[in-house]
Amino acid sequence: DTAVSQTPKYLVTQMGNDKSIKCEQNLGHDTMYWYKQDSKKFLKIMFSYNNKELIINETVPNRFSPKSPDKAHLNLHINSLELGDSAVYFCASSQMSSRGAFFGQGTRLTVV
Amino acid sequence: AQSVTQLDSHVSVSEGTPVLLRCNYSSSYSPSLFWYVQHPNKGLQLLLKYTSAATLVKGINGFEAEFKKSETSFHLTKPSAHMSDAAEYFCVVSDPGSARQLTFGSGTQLTVLP
């Protein structure tokens, strides 16, 4: 059983399109995250949800909108995709951040 | 505020020789510290974690890290490198004042030469 699963694994789309990435965790964790990894491998947090409530919202364009229908899911919707959005997006979950987080396999988004 | 500095962007070692990946942190509180590994085109795997218990932490695949508060360091070591250790390694900090946020270092690419 995959602990944190995200779909799709690869996503190629044209500029201006709207796309979603889904994330599900079966660990019973109360906190979920989205991270963006750029071409230089740098990982930066985008959003964090605790029990379906937004607790971290870093400086990202408002074209990015997270949605948490329940504690086990945190989806990422992106409107009007731009070339600069190309990156690998990682979903993660934790029970307490002091114990670390479990990461999904990542979604490689390519905007052409 | 919390931050992490990984002192080397690239480290190259020969197979069978020791590995040292350096990490310094900054935190306003007593932090939790982690090392994650990312193999090419793969996700992130937790290697080990320090959460205010023993300062010498043992992780998977023979890796260890020592928390040194006086030096604000959390260096990762392994006595003998294996070819399969070649990957990107990230040092990560989390403190109670950060709203459950994990802050990543910039990563160290480990190359293992035959």
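Please refer to the structure placed before this passage.
Summarised in this report is the structure supplied together with it. Quantities reported herein were computed from a predicted structural model and do not represent experimental measurements.

Below, the discussion takes up the overall build of chain B. Broken down by element type, chain B carries zero helices and 12 strands. Along its sequence from the N terminus, chain B presents helices and strands in the succession β-β-β-β-β-β-β-β-β-β-β-β. By the compact-globule yardstick of 13 Å for 114 residues, chain B fits well, its C-alpha radius of gyration being 14 Å. Oriented by its inertia axes, the alpha-carbon framework of chain B measures out at about 45 × 30 × 20 Å.

Here we come to unusual backbone geometry. Omega for the bond connecting A:Thr7 with A:Pro8 falls within 30 degrees of zero, at 0°, which places this linkage in the cis form. On the secondary structure map, A:Pro8 appears in the loop between strand 1 (4-7) and strand 2 (10-13). Of note in the backbone geometry, A:Ser80 takes a positive phi value of approximately 45° without being a glycine. Considering the arrangement of structural elements, one finds A:Ser80 in the loop between strand 8 (73-78) and strand 9 (87-94). Of note, the phi angle at B:Asn41 is positive, near 60°, even though the residue is not glycine. Tracing the backbone through its elements, the reader meets B:Asn41 in the loop between strand 5 (32-38) and strand 6 (44-50). B:Asn41 gets classed as exposed once you look at its relative accessible area, which sits at 57%.

What follows concerns the interface of chain A and chain B. On the side of chain B, 23 residues touch chain A, which itself brings 25 residues to the contact. Of the roughly 1,900 Å² buried between chain A and chain B, counting both surfaces, carbon and sulfur atoms make up 53%. Across the contact surface, chain A and chain B share one salt bridge. Across the salt bridge formed by B:Glu88 and A:Lys41, the nearest N and O atoms sit 3.9 Å from each other. Our count for the contact surface shared by chain A and chain B stands at five residue pairs in polar contact (both at pLDDT 80 or more). Broken down by secondary-structure element, the contributors of at least two residues to the side of chain A that touches chain B are strand 4 (31-37), strand 5 (43-50) and strand 6 (53-57) of chain A. In terms of residue count, the dominant contributor to the side of chain A that touches chain B is strand 4 of chain A (four residues). Among the residues making up the side of chain A that touches chain B, the classes are represented as 11 nonpolar, nine polar and five charged.

The subject of this paragraph is the nonpolar core. Residues B:Trp35, B:Leu48, B:Phe74, B:Leu76 and B:Tyr89 are the most contacted members of the largest nonpolar core, which totals 26 residues. Considering every element that reaches this core, the biggest residue donor is strand 10 (residues 87-94) of chain B, with four residues. In terms of nonpolar packing, the next biggest core, distinct from the first, is built from 19 residues, A:Met46, A:Leu76, A:Ala87 and A:Leu109 among them.

Residues and elements named next belong to chain A. Read across the open sheet, the four strands follow the order 1-3-8-7; overall the sheet is antiparallel. Since the sheet does not close on itself, it has two edges, and those belong to strand 1 and strand 7 (64-70), each with one partner. Neighbour-to-neighbour, the strand axes of this sheet turn through a mean angle of 20°, independent of strand direction. Relative to strand 3 (residues 19-25), strand 1 is paired through four bridges, and the arrangement is antiparallel.

What follows concerns the state of the cysteines. Two cysteines joined by a covalent bond between their sulfur atoms form a disulfide. All names here are of chain A. Inspection of every chain in the model, using the stated rule, returns two disulfides over all chains. Note that Cys-23 is cross-linked by a disulfide to Cys-91, the S-S spacing being 1.8 Å. Here the disulfide of Cys-23 and Cys-91 is left-handed, its torsion about the S-S bond being about -75°. Of the two residues, Cys-23 sits in strand 3 while Cys-91 sits in strand 9, which places them 68 residues apart along the sequence. Cys-91 carries the same exposure label as Cys-23, and that label is buried.

The rules we used
Residues numbered from 1 in each chain as written. Chains lettered and ligands numbered in written order. Predicted model: local features only at pLDDT ≥ 70, side-chain atom pairs only at ≥ 80, totals over all residues. Heavy atoms only, no water. Helix = DSSP H or I, 4+ residues; strand = E, 2+ residues; numbered from the N terminus. Rg over C-alpha atoms; globule rule 2.2 N^0.38 Å. Buried < 20%, exposed > 50% of the residue type's maximum accessible area, 1.4 Å probe, protein only. Contact = heavy atoms within 4.5 Å. Buried area = accessible area lost by both parts, 1.4 Å probe. Salt bridge = Lys/Arg side-chain N within 4 Å of Asp/Glu carboxyl O. Polar contact = N/O pair within 3.5 Å; in protein donor to acceptor, adjacent residues only side chain to side chain. Nonpolar A, V, L, I, M, F, W, Y, C, P; charged D, E, K, R; others polar. Core = buried A, V, L, I, M, F, W, Y, C linked by side-chain atoms within 4.5 Å. Pairing = 2+ DSSP bridges. Axes fitted to C-alpha atoms, helices over the stretch in contact; angles between N-to-C directions. Disulfide = S-S within 2.5 Å.

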